[in-house]
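Observations on the model geometry
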Amino acid sequence: VQLQASGGGLVQPGGSLRLSCAASGSNFAIYTMGWYRQAPGEQREWVAIIDSGASTKYADSVKGRFTISRDNAKNMVYLQMSSLKPDDTAVYYCNMYRWVGPIKYESWGQGTQVTVSS
């Protein structure tokens, strides 16, 4: 399975941006999908996830501002980002995983840069 993230760019504080992630391969619907980000000099951090039942969870830092969604018919996952802050500047990565017993099957996309600056 391969993931291709897109939609990053430069946006002013308070603005909005939507990231997209396209997944190749089969059985997309059974995977948990997630978005992570990594700012310069920082460790990669979890941002949001959506499971196979469309239940979502968000990091406290983005709760109320970001929305994760998925379209299983298109093998796509999205991250709608609003009220963006300079602290949201990072490379954003999409991720998918599922557990088969004790084995975790996981894939990462290549990342898309989001820069929030005036």
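Structure first, text after, so check above.
Here is a short report on the structure shown in this document.

Basis of the calculations
- Residues numbered from 1 in each chain as written.
- Predicted model: local features only at pLDDT ≥ 70, side-chain atom pairs only at ≥ 80, totals over all residues.
- Heavy atoms only, no water.
- Core = buried A, V, L, I, M, F, W, Y, C linked by side-chain atoms within 4.5 Å.
- Buried < 20%, exposed > 50% of the residue type's maximum accessible area, 1.4 Å probe, protein only.
- Helix = DSSP H or I, 4+ residues; strand = E, 2+ residues; numbered from the N terminus.
- Contact = heavy atoms within 4.5 Å.

1. Observations regarding the nonpolar core
Counting residues in hydrophobic clusters, the biggest one holds 29 residues, and the most contacted among them are W35, L79, M81 and Y92. Mapped by element, the contributors of at least two residues to this core are β1 (3-6), β3 (17-23), β4 (32-38), β5 (45-50), β7 (66-71), β8 (76-81), β9 (90-100) and β11 (112-116). Excluding residues that lie within four positions of it along the chain, M81 makes contacts with G15, S16, L17, L19, R65, F66, Y92 and V114.

2. Describing unusual backbone geometry
At N27, a residue that is not glycine, the phi angle is positive and equals roughly 60°. If you check the backbone angles, N75 has positive phi at about 55° while not being a glycine. Looking at the element boundaries, N75 is found in the loop between β7 and β8.

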